[in-house]
Amino acid sequence: MDLKMNEQVRILILEHEPDDIGLLHYELKKGALHYSATIVQERENYVQALKSYDPDIVLSDYVLPNFDGATAFYIKKEISPDVPFIIVSGTIGEENAVELIKSGVTDYVLKDKLFTVVPKITRALKESREYKEKKEQEKKLESYARELERSNKELEEFAYITSHDLQEPLRMVGSFLQLLQQRYKDKLDKEANEYIHYAVDGASRMKRLISDLLNYSRTNKEWLIEQVDISETIQEALKNLRASINECGAIIEFENMPTLRVDRSQMLQLFQNLIGNAIKFRKEGGQPFIKITAAKQDTEWLFSVEDNGIGIDQQYSEKVFVIFRKLHNQTKFEGTGIGLSIAKKIVERHGGRIWFESEPGKGTKFYFTLQSVNNETDQYTSRGR
Amino acid sequence: MKPINILLVEDNPGDILLARVAFEKSKYSVNIDVAMDGEEALDFLYKRGMFAEASTPDLILLDLNLPAISGSEVLADIKNDEELRVIPVIILTTSQAEWDIIRCYRLHANCFVNKPFGFESFDKVVQSIEDFWFNIVRLPVN
């Protein structure tokens, strides 16, 4: 970024020798610098000018009658910390100069090389402008990050509390409809019973949606990282899915599973959702065959869960992971459509990715990557209300 | 047979009715008193004010989510009292939060039960409570 030369630079000059002031003006004009200057000599005027003149840059002599350049610099540091400060001196030694620059003085100009003053001013202003912009951007980024964090947290809280509080009135609707059904079945006609049936059914489905939503939002809350043997996790998932496995005679194969530092209950949920889907979306009358593999790739593990089910059209590669998005109607395959969105959330929370390959009518192969979670700051447990 | 006194601490009229209906067909003679908030529950248990004549319950069904004085505060108060602490307290709540469960047991709740969805399951829970606490378990004679 270049300094715009047509912009007037406000220079505060701290100098008492009239000759030196003249020379300085001469150099500034020769350098084609478009500037205005305020010249001060006393400490009091200097402080006053820093505040009221609001200079873009300060040029200061090093030795002053009852004042000195170093003190002037520290005063400037207090009042306008971002304004560049250049010492213009005939007597300043090399060592002194180095010390001053170490403590924050922008630059120095020797009086016998006064022709360097304009390039040095230009450079100092450019650097200070860049520094200011960088600082502003950092500040902006920081505030965006804070805002994002806050709104994420609020959203999670909202989903959790809403789904929790939504259950109460719904439980009333469901319970009293059932009571009505139970107690008045014989007093009502067929139509009335059918109406009640649909109302009860709707309430129970709503209840499932809400508890799934609760589950989904909880995926962000509770989190405990420990050593987890994935083959044990799969065994446990199979135990939970026993009923549906037995019902269709599903065969599940897996071997050489790693041990990873992950959240145990989320791993169980992940494998249970994927295996459960592989069983649920089987071909009509078919026997599911499910193969789970794991292979180490650099720092992460690539897992796959392959089935011989009905398959998924590739055009739904994004949609299947969206919460409550279903590809089939309620009567064909029941469920709310939360399983894969939770799976995705779990994988991503562990720093991995999930996708699938499929051929409709032949089967689906889900892939996901996982790695041990090492970042200490990620390891926390938090609990909702 | 002496009736079994239950104190139901519950602020939702729907739940109160559900409990009454479920206990109605009990083979035991059950008397249900209702406190609709924590303060009323404690007044009842300590026989304060209009509850001077109240009978000490044999069993307490306690909701957690109550206005003002919460269920867990009521629980803590009961279990801190020499005389009241012998009364079994069954927490009956919609909360499924791990934290609520552990907190209640730490405060010496006798058991923690989730309010089920639907009347049939509610009925089942009430029958189980009756079967266990009125039939299998022996309670102190007050």
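Here is what the cut-offs are and how they apply
Residues numbered from 1 in each chain as written. Chains lettered and ligands numbered in written order. Predicted model: local features only at pLDDT ≥ 70, side-chain atom pairs only at ≥ 80, totals over all residues. Heavy atoms only, no water. Salt bridge = Lys/Arg side-chain N within 4 Å of Asp/Glu carboxyl O. Helix = DSSP H or I, 4+ residues; strand = E, 2+ residues; numbered from the N terminus. Buried < 20%, exposed > 50% of the residue type's maximum accessible area, 1.4 Å probe, protein only. Polar contact = N/O pair within 3.5 Å; in protein donor to acceptor, adjacent residues only side chain to side chain. Contact = heavy atoms within 4.5 Å. Phe/Tyr/Trp six-rings, centres within 6.5 Å; stacked < 30°, edge-to-face > 60°. Lys NZ or Arg CZ within 6 Å of the ring centre and 35° of its normal. 1 Å grid on protein atoms, 1.4 Å probe; cavity = no way out; pocket = protein on both sides within 12 Å on 5 of 7 lines; lining within 4 Å. Points joined across faces, edges and corners; volume = space filled by probe spheres on them. Nonpolar A, V, L, I, M, F, W, Y, C, P; charged D, E, K, R; others polar. Core = buried A, V, L, I, M, F, W, Y, C linked by side-chain atoms within 4.5 Å. Pairing = 2+ DSSP bridges. Right-handed = clockwise from strand over helix to strand, strands pointing away. Axes fitted to C-alpha atoms, helices over the stretch in contact; angles between N-to-C directions.

1. Observations regarding the pattern of salt bridges
Residue and element names in this part refer to chain B.
- In this structure the tally under the stated criterion is 29 salt bridges over all chains.
- Put simply, Asp 15 and Lys 115 hold a salt bridge, and the shortest N to O gap is 3.1 Å. Placement of Asp 15 in helix α1 (residues 13-24) and of Lys 115 in the loop between β5 (111-114) and α5 (119-136) is noted, with a sequence separation of 100 residues between them.
- Between Arg 103 and Asp 100 there is a salt bridge whose closest N-O contact spans 2.8 Å. With Arg 103 and Asp 100 both in helix α4 (residues 98-106) and three residues apart, the pair spans about one turn of that helix.
- Given a relative accessible area of 27%, Arg 103 falls into the partly exposed group.

2. A short note on the side chain of Asp 107 of chain A
Residues and elements named next belong to chain A.
- Note on placement: Asp 107 falls in strand β7 (residues 107-110).
- Polar side-chain contacts of Asp 107 include one of 3.1 Å to the side chain of Arg 123.
- Non-local contacts of Asp 107, meaning those with residues more than four positions away in its chain, are made with Phe 85, Ile 86, Ile 87, Ile 101, Lys 120 and Arg 123.

3. Here we look at the packing of aromatic side chains
- The final tally for this structure, using the stated rule, is 12 aromatic pairs over all chains.
- With 5.2 Å between their ring centres and 90 degrees between their planes, Phe 132 of chain B and Trp 133 of chain B make a pair best called edge-to-face.
- With a relative accessible area of 39%, Phe 132 of chain B lands in the partly exposed category.
- One cation-aromatic arrangement involves Lys 120 of chain A over Tyr 108 of chain A; the distance from NZ or CZ to the ring centre is 5.5 Å.

4. A look at the layout of surface pockets
All names here are of chain A.
- By volume, the largest pocket is sized at about 1,200 Å³.
- The wall of the largest pocket is formed by 45 residues, among which Gly 276, Asn 277, Lys 280, Phe 281 and Glu 334 lie closest to the centre.
- When residues of the lining of the largest pocket are assigned to their parent elements, the largest contribution, nine residues, is made by helix α9 (residues 264-280).
- Considered class by class, the residues forming the lining of the largest pocket number 16 nonpolar, 17 polar and 12 charged.

5. Let's talk about empty space enclosed by the protein
Residues and elements named next belong to chain B.
- Following the criterion strictly, the structure yields one cavity of 30 Å³ or more and no others.
- What the largest cavity holds in volume is close to 40 Å³.
- Lining the largest cavity, in full, are Leu 8, Glu 10, Asp 15, Ala 19, Leu 92, Lys 115 and Phe 122.
- Considered class by class, the residues forming the lining of the largest cavity number four nonpolar, no polar and three charged.

6. Description of the nonpolar core
Residues and elements named next belong to chain A.
- Ranked by size, the top nonpolar core spans 41 residues in total, and within it Ile 230, Leu 270, Phe 271, Ile 275, Ile 292, Phe 303 and Phe 368 carry the most contacts.
- Considering each element in turn, this core owes the most residues, eight residues, to α9.
- Excluding residues that lie within four positions of it along the chain, Leu 270 makes contacts with Ala 343, Ile 346, Val 347, Phe 368 and Leu 370.

7. Remarks on the pairing of strand β1 (residues 4-9) of chain B
All names here are of chain B.
- The element β1 is extensively covered by neighbouring structure, given that six of its six residues are classed as buried.
- On β1, burial covers both faces: Ile 4, Ile 6 and Leu 8 on one face and Asn 5, Leu 7 and Val 9 on the other are all buried.
- Both β1 and strand β2 (residues 30-35) contribute to a ladder of six bridges, which runs parallel. Across the sheet, the residue bridging to Ile 4 is Val 30, located in β2.
- Note that the unit made of β1, α1 and β2 has a crossover that is right-handed.
- Where β1 and strand β3 (residues 59-62) come together, four bridges link them in parallel fashion.

8. Re the sheet that holds strand β4 (residues 89-93) of chain B
All names here are of chain B.
- Overall, parallel pairing links the five strands, which are arranged β2-β1-β3-β4-β5 in an open sheet. Strands at the two margins of the open sheet, each flanked by one partner only, are β2 and β5. Across the sheet, the mean angle separating the axes of adjacent strands is 20 degrees when strand polarity is ignored.
- The pairing of β4 with β5 spans four bridges and is classified as parallel. Across the sheet, residue Leu 92 finds its bridge partner in β5, namely Val 113.

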